[in-house]
Amino acid sequence: MTQQPQRAVGTPMSRVDGRLKVTGHAAYAAEHPVDGVLHAVIVDSSVGKGRVTSIDDRAARAHPGVVAVISHLNAPRLPYRDAPNSNNLPGTRLRVFQDDQVRFFGQPVAVVVASTLEAAQHAARLVDVRYDAQPPSTDLNTVPAGEPGSYARGDADSALSTADVKLDLEYHMSRNHHNPMEPHATIAQWNGDRLTLWDKTQWVGGTQRDLAAVFGIPDDAVRVLSPFVGGAFGSGLRAWPHVTVAALAARQTGRPVKLVLTRRQLYFGTGFRPRYDYRLRVGATRDGRLTAMIHDIRAETSSYETFQEATLAPGQMLYSTPNVRQEYRTVPLDVNTPIWMRGPGYATASFPLECALDELAYAVGLDPIELRRRNEPERDESTGEPFSTRRLLECYTVGAREFGWRRRNPAPRSTREGDWLIGTGVATAVYHTARGAAQAYARVNADGTALVQSASSDMGPGTYTSMTQVAADALGLGTDTVRFELGDSMMPPTPPHGGSQTMASVGSAVQDACDKVRQQAITMAVNDPRSPLHGAAPGDVIVRDGRLVLRNDPTRGESYRALLTRNNRAQLETVGGYTPDQARRSMSAYGAVFAEVAVDARLGLVRLRRMLGVYDAGRIISPKLAESQAIGGMVGGIGSALLEHTVTDPRDGRIVNANLADYLVPVNADIPELRAIYLDGEDRATGPLGVKGLGEIVYVGVAPAIANAVFHATGRRVRNLPITAEALL
């Protein structure tokens with residue numbers, strides 16, 4: 001197929017949807033105008049475990065404007081057809097209003113539906129719910145863990161016992177919540193047995209299948225629309241109970257129903273990054289070569305579902321280690337189910353792994369970068385597969401040069417500016433390259449414009465823009481004449497918008513669809529006796545600025561408009577697709593993260609001064625978006641390292657700091673100089689676009705780089721996240 005000129009891809013293009021967002025014309029889930037909509041407010045459980053013994057809703061029903069109060073006492077029995085949940089979690093999903101059991105604090109026990117939001121809010125407070133309460137289990141150390149997931153190679157126990165240098169370290173990582181700007185919201189409307197949902201989701205297809213399973217109707221009887229998502233970071237990767245509540249309320253009342261979670265309800269109405277306890281034992285030679293690693297991991301999950309993530313992967317393949325043993329145990333607690341959060345699994349694992357490597361470097365007297373270089377593997381030792389591309393050593397080299405790593409005094413607590421102790425740290429980042437089957441629809445119109453559609457999402461990375469760039473180059477059009485649409489389950493299906501797979505998957509489908517439409521036009525032209533291109537070899541024809549021309553003679557050609565008009569065609573259209581191949585390659589993005597901190601010697605306050613990330617992320621489709629992703633990922637990692645910490649009251653399972661006043665996230669004053677460098681290159685093993693994905697990799701490694709810098713500044717190792725002033729005093 002003819003290679004098209006690349007004019008849009010690789011340019012720092014501004015967001016095509018930017019004006020809609022800054023002017024307020026981008027309609028989010030709760031903002032779609034639906035005639036006759038009612039408002040729903042959930043009544044949350046005020047106990048963390050037990051059963052509902054009574055619900056007195058008489059005062060609520062008598063309140064003006066209230067249409068219905070629904071609970072397990074009057075809700076219909078829902079089929080909950082056997083089907084995988086939208087996130088493929090094993091176990092039993094929470095069955096809303098189907099019994100009297102309370103499984104976690106904040107579980108929906110009733111919903112009030114009223115003509116106004118204010119009436120629903122007030123009436124919800126009038127519902128009197130009584131419980132037979134039991135003490136909830138919310139601590140990792142009080143409940144037996146489940147059967148472990150495990151991995152092993154070599155004989156890690158023997159190798160550790162004979163190692164020259166041994167480390168036995170324990171790390172503790174707090175639960176984190178996503179806290180997107182837009183709260184989760186759903187508008188549900190039934191038309192007979194067909195359900196339409198306007199929903200905040202990162203996967204319209206997953207929500208479609210999940211709700212179809214809940215109500216026992218065909219998948220195609222559910223339509224999910226989500227054209228704009230105001231941040232999600234993983235919290236929108238499944239349909240949470242409130243989606244079912246909205247749909248159930250709409251069916252019971254016969255009216256469309258809008259349900260918007262409050263900021264407080266996000267802490268128990270949607271998922272979170274679970275708390276982890278992580279013991280890591282490391283064995284090495286005196287010259288810093290790893291001989292053994294033993295990982296013992298405990299993570300919280302809910303009592304009714306088992307959530308796991310890829311926390312084992314980095315310890316299996318990031319460094320050359322002949323002997324590895326890992327056990328990953330989930331602990332079923334009386335909490336709602338966790339979910340993936342930016343850099344899932346890998347960000348969690350990078351903290352103990354990268355801090356331990358830093359500690360080992362000091363133990364054997366090596367520079368932390370040199371230690372990592374000495375343990376660079378030749379291939380993926382977990383699978384035996386060669387790497388597709390792995391330019392991690394180059395990331396270290398470029399990062400050290402740009403950061404000024406050689407200027408540091410390696411001795412801990414050696415650099416001071418007044419009351420401030422100054423330290424620098426480094427950590428490695430890795431995230432696997434995920435890909436999934438995807439489809440896209442492409443159409444070129446007789447007026448020279450184009451429409452491309454795919455049921456993807458855009459929670460902030462700029463999917464609208466990057467797909468427009470890919471489509472414009474493939475069609476030979478300017479970006480201002482291409483419109484990309486997403487967020488509708490009636491569009492061609494895609495994988496979830498998460499795991500950094502959208503560009504590799506959906507982008508490849510968009511490329512294929514647009515290539516096929518362009519080839520339709522070229523075939524029509526070379527076979528049309530009236531065309532200036534009649535008789536030309538199709539492979540010699542390219543499209544530039546909407547004109548089909550010979551590559552070596554741009555004066556010979558014609559526009560899409562002229563070709564289609566002459567042939568009485570209103571449009572050319574097709575559906576393209578992408579299916580990942582089974583190439584036996586280990587495919588990941590890599591990075592080196594550098595941080596400089598200042599720690600107040602008297603108060604223990606940590607202030608980040610600057611950060612640099614250098615990334616091997618394959619081909620960069622949209623540099624401006626990539627820069628934005630890096631800044632956002634680094635800010636998230638800073639929050640995890642220094643601020644974010646969910647606090648649970650063990651008496652009743654209540655989340656104490658379920659608000660943005662007490663659950664701390666970084667603000668502008670916390671963020672100094674952040675810089676990202678992406679190495680030029682591509683990885684064609686990952687797909688036709690040569691991309692690796694970059695939304696997750698820019699989060700991974702941030703927390704350990706900061707922790708290592710704190711040690712260099714103070715001489716004190718902190719193995720708990722977040723790093724607090726109390727730990728440094």
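Presented here is a report on the structure given in the accompanying data block. The structure presented is a predicted model; accordingly, all values stated were derived computationally and were not measured.

### With respect to the environment of R610
Right, so step 1: With respect to the helices and strands, the residue R610 is situated in strand β26 (residues 606-616).
Right, so step 2: Separated by 62 residues in the primary sequence, R610 and P672 have C-alpha atoms spaced 5.8 Å apart.
Right, so step 3: A polar contact is formed between the side chain of R610 and the backbone oxygen of F403, at a distance of 3.0 Å.
Right, so step 4: Looking at R610, its side chain comes within polar contact range of the side chain of E596, at 2.9 Å.

### Regarding the layout of surface pockets
Right, so step 1: A volume near 460 Å³ is recorded for the second largest pocket.
Right, so step 2: Lining the second largest pocket are 20 residues, with V41, I42, Q121, A124 and Q265 sitting closest to its centre.
Right, so step 3: Every element with two or more residues in the lining of the second largest pocket is listed here: β1 (38-44), α3 (117-126), β6 (128-133), β12 (257-260) and α7 (263-269).
Right, so step 4: Ranked by the residues each element gives to the lining of the second largest pocket, the list is headed by β1, at 6 residues.
Right, so step 5: Its residues assigned to classes, the lining of the second largest pocket shows 11 nonpolar, 5 polar and 4 charged.

### Regarding the pattern of salt bridges
Right, so step 1: Under the criterion given, the structure shown has 49 salt bridges.
Right, so step 2: The residue D515 makes a salt bridge to R518 at a minimum N-O spacing of 2.8 Å. Of this pair, D515 and R518 both sit in helix α13 (residues 502-526), 3 residues apart, roughly one helical turn. Of the two residues examined, D515 and R518, each falls in the buried class.
Right, so step 3: Connected through salt bridges with shared partners, the residues D358, E359, R717 and R719 form a single ionic network.

### What about the pairing of strand β17 (residues 420-432)?
Right, so step 1: Counting buried residues in β17 gives 11 out of 13 residues, a clear majority hidden from the surface.
Right, so step 2: Where strand β16 (residues 416-417) lies against β17, 2 bridges are found, and the strand directions are antiparallel. Looking at the pairing, E417 lines up with W420 of β17.
Right, so step 3: Taking the residues that link successive antiparallel strands as the turn, the β16-β17 hairpin has 2 residues, and the phi of G418 there is positive, at about 65°.
Right, so step 4: Taken together, the 13 bridges between β17 and strand β25 (residues 588-600) define a ladder with antiparallel strand orientation. Counted as the bridge partner of A427 is V593 from β25.

### Focus on unusual backbone geometry
Right, so step 1: A cis amide bond links L721 to the next residue, P722, at an omega of 0°.
Right, so step 2: One can find P722 in the loop between β28 (720-721) and α17 (725-728).
Right, so step 3: Despite not being glycine, D545 has its phi angle at roughly 55°, a positive value.
Right, so step 4: Residue placement: D545 occurs in the loop between β21 (541-544) and β22 (547-550).
Right, so step 5: A residue is classified by how much of its surface remains accessible, and D545, at 57% relative accessible area, is exposed.
Right, so step 6: Positive phi outside glycine occurs at N568, with the angle close to 55°.
Right, so step 7: Structurally, N568 is set in the loop between α14 (560-566) and β24 (571-578).

About the thresholds
Residues numbered from 1 in each chain as written. Predicted model: local features only at pLDDT ≥ 70, side-chain atom pairs only at ≥ 80, totals over all residues. Heavy atoms only, no water. Helix = DSSP H or I, 4+ residues; strand = E, 2+ residues; numbered from the N terminus. Polar contact = N/O pair within 3.5 Å; in protein donor to acceptor, adjacent residues only side chain to side chain. 1 Å grid on protein atoms, 1.4 Å probe; cavity = no way out; pocket = protein on both sides within 12 Å on 5 of 7 lines; lining within 4 Å. Points joined across faces, edges and corners; volume = space filled by probe spheres on them. Nonpolar A, V, L, I, M, F, W, Y, C, P; charged D, E, K, R; others polar. Salt bridge = Lys/Arg side-chain N within 4 Å of Asp/Glu carboxyl O. Buried < 20%, exposed > 50% of the residue type's maximum accessible area, 1.4 Å probe, protein only. Pairing = 2+ DSSP bridges.

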